[in-house]
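Report on the structure
Below are the chains, spelled out letter by letter.
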Amino acid sequence: MLIRLNKFLSSDQISLKINENFVIDDEIFLSKTHLHKDIIFNGDIFKVDESVLLNGTIKYTFRAECARCLTPFDNVVETKFEANLVQQLDENDESDEIQLKISEGCVDLEEIIKQMIYLSMPMKSVCKKDCKGICPNCGVNLNLEECKCEDNLADPRFDKLKDLLKD
Ligand SMILES: [Zn+2]
Ligand SMILES: [Zn+2]
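Residues numbered from 1 in each chain as written. Chains lettered and ligands numbered in written order. Predicted model: local features only at pLDDT ≥ 70, side-chain atom pairs only at ≥ 80, totals over all residues. Heavy atoms only, no water.

1. Describing the overall build of the protein
Operational definition: Strands are runs of DSSP state E lasting at least 2 residues, helices are runs of H or I lasting at least 4, and numbering of each runs from the N terminus. Note on contacts: a residue pair qualifies if any of its non-hydrogen atoms lie within 4.5 Å across the two residues. The accessible surface values rely on the Shrake-Rupley method and a 1.4 Å probe; as for residues, cover is taken only from the protein chains in view.
Helix and strand counts for the protein come out as five helices and seven strands. Counting from the amino terminus, helix and strand elements in the protein follow one another as β-α-β-α-β-β-β-β-β-α-α-α. Sequence-distant contacts, at least 24 apart, represent 49% of the contacts inside the protein between residues at least 6 apart. Accessible surface for the protein amounts to roughly 11900 Å². Of this, 50% is attributable to carbon and sulfur atoms.

The structure is reproduced here in structure tokens:
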């Protein structure tokens, strides 16, 4: 996941747009996170005074289980980060700024992208906003079927009525 910056750095250009499709080939990471290996990276790199700044957006997909209906689905997530691209890492830097080293005119985004994916993965997600979930009484997936539980449980007065009708 190398971004080449030599040309940009030695030019008069102030900013550079990046749109890349990356493939993550770290099998352990992929299986731990249920991540699809293809991700999309969009970024802007700016020269500001002496610094070079990166604004990046990562779009990734992972296999999640719906917190309401428990059905597996593909969850698409976008996460953003900012980083300082530096020639020399400042070990004493105590700010929260992310520093990425430019080496031989390139910056490698693999580690930071994996970290950002890991940090941004939602613990709970739902397959769709209006997911109806599972009936707590009979266990059917209410997105796929309707059950009669709600009718029967909804109004206790009907139970009395039923009792009356029995006789
Ligand atoms: Zn669901
Ligand atoms: Zn039910």
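2. Quick word on the coordination of the zinc ion (ligand 1)
The line we're drawing: Each metal site lists N, O and S donors within 2.8 Å (3.2 Å for Na, K and Ca). With water left out of the atoms, a site can look as if it is missing ligands. Square planar and octahedral assignments, for four and six donors respectively, both demand that opposite donors be over 155 degrees apart and that all other angles lie between 65 and 115; tetrahedral needs four donors with all angles between 85 and 135 degrees, and anything else is irregular. Residue burial is assigned from relative accessible area. The probe radius is 1.4 Å, only protein chains are included, and a residue is buried under 20% of its type maximum, exposed over 50%, and partly exposed in between.
On the protein side, the zinc ion (ligand 1) has C66 (SG), C69 (SG), C127 (SG) and C131 (SG) as donor atoms, found 2.2 to 2.3 Å from it. Around the zinc ion (ligand 1), the four donor atoms sit at angles spanning 105 to 113°, and that spread fits a shape best called tetrahedral. All donors of the zinc ion (ligand 1) belong to a single chain; written as a sequence motif, their spacing is C-x2-C-x57-C-x3-C. With C69 in the loop between β4 (51–65) and β5 (72–86) and C131 in the loop between α3 (110–120) and α4 (149–154), this pair connects stretches of sequence that are 62 residues apart. Take C69: its relative accessible area is 5%, and that puts it in the buried class. Classification of C131 by relative accessible area gives buried; the value is 6%.

3. A word on the sheet that holds β5
The condition is simple: Strand pairing is assigned whenever DSSP detects at least two bridges linking the two strands. Only C-alpha atoms enter the line fits that serve as axes; for helices the fit covers just the stretch in contact. Angles between N-to-C directions range over 0 to 180 degrees.
Strand order in this open sheet of seven strands is β1-β7-β6-β5-β4-β3-β2, and the pairing throughout is mixed. The outermost strands of the open sheet, each flanked by one partner alone, are β1 (2–4) and β2 (15–23). Here the strands of the sheet are splayed against their neighbours by 30° on average, with no regard to which way each runs. Sheet analysis places β2 next to strand β3 (residues 38–48), joined by nine bridges and oriented antiparallel. Following the sheet pairing, N21 is matched in β3 by I40.

4. Concerning the environment of D44
Position of D44 among the secondary structure elements: in strand β3. Accessibility expressed as a relative area gives 22% for D44, which makes it partly exposed. Residues D44 and S15, 29 residues apart in the sequence, show an inter-C-alpha distance of 6.8 Å. Sequence-distant contacts of D44, that is, excluding residues within four places in its chain, are made with L16, K17, L53, L54 and N55.

5. Some words on the coordination of the zinc ion (ligand 2)
At this site the zinc ion (ligand 2) is bound by C135 (SG), C138 (SG), C147 (SG) and C149 (SG), with donor distances of 2.2 to 2.3 Å. One way to put it: the four donor atoms around the zinc ion (ligand 2) meet at angles of 107 to 112°, and that makes the site tetrahedral.

6. Here we look at the environment of I40
Within the fold, I40 resides in strand β3. I40 sits 19 residues away from N21 along the chain, and the two C-alpha atoms are 4.6 Å apart.

7. Considering the pattern of salt bridges
So the rule is basically this: A side-chain nitrogen of Lys or Arg and a carboxyl oxygen of Asp or Glu constitute a salt bridge if their distance falls within 4 Å.
Scanning all chains against the criterion turns up six salt bridges. Between D44 and K17 there is a salt bridge; the shortest N-O distance is 2.7 Å. Of this pair, D44 sits in strand β3 while K17 sits in strand β2; the two residues are 27 residues apart in sequence, bridging distant segments of the chain. Among the salt bridges present, the one from R63 reaches D74, with a minimum N-O distance of 2.9 Å. Pair noted here: R63 is in strand β4 and D74 is in strand β5, with a separation of 11 residues, a long-range link. Judged by relative accessible area, R63 falls into the partly exposed class, the value being 42%. What emerges from the salt-bridge pattern is a single network uniting D26, E110, E111 and K114.

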